[in-house]
Amino acid sequence: MRIVRDHQFTAPEDRGAAAAIGNFDGVHLGHTAVIDITRGAAARLGAPLGVVTFEPHPREYFAPEAPPFRLTGPEARAHRLEKLGVERLYELKFNAAMAALTPEGFAAEVLRDGLGLRHAVVGRDFCFGKDRAGDVADLTRFGAAMGFGVTVADMVTEGPTRVSSTAIRKALSEGRPRDAKALLGHWHRIEGPVIGGEQRGRDLGYPTANMSIDGLHPPRFGVYAVVVDVLDGPHAGSYHGAASLGVRPMFGENRANLETYILDFAGDLYGAHLSVALIDFLRPEEKFEGVDHLIAQMEADCARARAVLEAL
């Protein structure tokens, strides 16, 4: 997959795609349906399969002080899109210039002149341009005038629930990762490098790989059964584990992170990139009376995580 970050400097081989357009936060079943429609258009046209998205997310740009809401950062989103067979990811910079484009200006300057799209696929609630003034009818009209086709995809539901990033956030906030999976079509994952910690887990006999969740919507704090994919380095592979997500009240911390203990593993993971899938919520975050109580609970957590994961 090739990643293009500036529509004004698009190589000839990156132009002419059929592309789905949107933010693709979480890359859920609704997004997958849009990409599947785009795949069909790309095949008919003999064009690359593309996705047009934005970085930062427009919501982050307009409200930088708002609480974190993203399900995936740009790297995790790119990994998921690549798994879906996307050949061109147009991860365009959302800045003052982009925000100021009228709907017609966006269609002309970005989609036609910049990317040279041959076909665009959007969800029925897609809005674009300054003040989100453009809708799917406008995009269809602009496409007809500017030489690219437009397909409007219907909303996707899972049972009675409309598939949306909002519904997925709610499931994660309530500690329901399996319900989130039903809407995502895959396990919710937290990705990133292993960072240095206080090494308390090592001292307790449970060394953990620590990861930041800065900028991401925080799932319910507590302990989870997890599947850990080590994406690079000498220990690359998939493992089972138990992870604590939260602020570690036992030790007076206040910055949330993810600490993952990998079952039956010995090795140094500092600097490695991990993708940690939340499988089951085991218990809420707690403050224990002492270290012995904490160690006993960690042993019980690992035993329960092992049982959950062996049943997958």
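The structure we're discussing is the one just above.
Here the structure is a predicted model, which means the values were calculated and not measured. (Residues numbered from 1 in each chain as written. Predicted model: local features only at pLDDT ≥ 70, side-chain atom pairs only at ≥ 80, totals over all residues. Heavy atoms only, no water.)

(A) How the structure looks around the overall build of the protein. Helix and strand content of the protein: ten helices and 14 strands. Since a compact globule built from 312 residues should have a radius of gyration of about 20 Å, the 22 Å found for the protein is in line with a globular shape. Taken over 312 residues, the protein has a buried fraction of 50%. Here the analysis covers contacts within the protein between residues at least 6 apart in sequence; of these, 73% occur between residues at least 24 apart. Looking at the protein as shown, the accessible area adds up to about 14,500 Å², and 51% of this sits on carbon and sulfur atoms. A distance of 5 Å separates the average location of the 34 positive side-chain charges in the protein from that of its 41 negative side-chain charges. (Helix = DSSP H or I, 4+ residues; strand = E, 2+ residues; numbered from the N terminus. Rg over C-alpha atoms; globule rule 2.2 N^0.38 Å. Buried < 20%, exposed > 50% of the residue type's maximum accessible area, 1.4 Å probe, protein only. Contact = heavy atoms within 4.5 Å. Areas by Shrake-Rupley, 256 points an atom, 1.4 Å probe, with all protein chains shown as cover. Lys, Arg positive; Asp, Glu negative; His and termini not counted. Charge placed at Lys NZ, Arg CZ, Asp CG, Glu CD.)

(B) Geometry of the pairing of strand 11 (residues 222-230). A large share of strand 11 lies buried, amounting to nine of its nine residues. Where strand 11 meets strand 12 (residues 237-246), nine bridges bridge the pair, whose relative direction is antiparallel. Looking at strand 12, one finds that Val230 is bridged to Gly237. Where strand 11 hands over to strand 12, the hairpin turn is made up of six residues, of which Gly233 adopts a positive phi near 85°. Sheet analysis places strand 11 next to strand 14 (residues 273-284), joined by nine bridges and oriented antiparallel. Across the sheet, the residue bridging to Val227 is Ala277, located in strand 14. (Pairing = 2+ DSSP bridges.)

(C) The sheet that holds strand 14, seen in detail. Strand order in the open sheet made by the six strands is 9-14-11-12-13-10, with antiparallel pairing throughout. This sheet does not close on itself; its edge strands, each paired only once, are strand 9 (189-193) and strand 10 (209-212). The average undirected angle you get between the axes of adjacent strands in this sheet is 35°. The sheet contact formed by strand 9 and strand 14 spans five bridges and is antiparallel. Residue pairing in the sheet places Arg189 in a bridge with Ala277 of strand 14. Together, strand 11 and strand 14 form the strand contacts of helix 8 (residues 177-184), whose direction differs from that of strand 14 by roughly 130°. With respect to the sheet, helix 10 (residues 291-310) is in contact with strand 11, strand 12, strand 13 (257-262) and strand 14, its orientation differing from that of strand 14 by roughly 105°. (Axes fitted to C-alpha atoms, helices over the stretch in contact; angles between N-to-C directions.)

(D) Summary view of the packing of aromatic side chains. This model, assessed by the stated rule, comprises eleven aromatic pairs. Judged by centre distance (5.8 Å) and plane angle (70°), the ring pair of Phe62 and Phe94 falls under edge-to-face. Of the two residues, Phe62 sits in helix 2 (residues 58-62) while Phe94 sits in the loop between strand 4 (88-93) and helix 4 (96-100), which places them 32 residues apart along the sequence. Measuring from ring centre to ring centre gives 5.2 Å for Tyr239 and Phe265, while their planes differ by 75°; the resulting arrangement is edge-to-face. Of the two residues, Tyr239 is situated in strand 12 and Phe265 in the loop between strand 13 and strand 14; the sequence distance between them amounts to 26 residues. Sitting over the face of the ring of Phe69, Arg59 holds its NZ or CZ atom 4.0 Å from the ring centroid. Taking NZ or CZ as reference, Lys181 lies 5.1 Å from the ring centre of Trp187, over its face. (Phe/Tyr/Trp six-rings, centres within 6.5 Å; stacked < 30°, edge-to-face > 60°. Lys NZ or Arg CZ within 6 Å of the ring centre and 35° of its normal.)

(E) Geometry of the nonpolar core. If you look at the biggest cluster of nonpolar residues, it comprises 29 residues, and the most contacted ones within it are Val52 and Leu117. Within the residue set of this core, elements represented by two or more residues are strand 2 (18-21), strand 3 (49-55), strand 4, helix 4, helix 5 (103-114), strand 5 (119-123) and helix 6 (136-146). A per-element tally of this core places helix 5 first, with five residues. Apart from residues lying up to four places away in sequence, Leu117 is in contact with Ala17, Ala19, Ile21, Val52, Tyr90, Leu111 and Phe148. Ala209, Ile213, Ile262 and Leu269 belong to the second largest nonpolar core, which has 22 residues in total. (Core = buried A, V, L, I, M, F, W, Y, C linked by side-chain atoms within 4.5 Å.)

(F) Structural context of the pattern of salt bridges. With the rule as written, the count across this model stands at 23 salt bridges. Residues Arg39 and Asp36 are paired through a salt bridge, measuring 3.0 Å at the closest nitrogen-oxygen approach. Of this pair, Arg39 and Asp36 are both found in helix 1 (residues 29-45), three residues apart, which corresponds to roughly one turn of the helix. Of the charged contacts in the structure, one is a salt bridge between Glu174 and Lys170, with a shortest N-O distance of 2.7 Å. (Salt bridge = Lys/Arg side-chain N within 4 Å of Asp/Glu carboxyl O.)

(G) Just helix 1, in detail. With 17 residues, helix 1 extends 24 Å from end C-alpha to end C-alpha; this agrees with the ideal 24 Å at 1.5 Å per step. At its buried positions, helix 1 is contacted by strand 2, strand 3, helix 3 (74-83), strand 5, strand 6 (149-153) and helix 7 (165-173). Once helix 1 ends, the next one or two residues include Gly46, with phi positive near 65°. (Expected span 1.5 Å × (residues − 1).)

Spatial relationships are all this shows, so hold off on functional conclusions.
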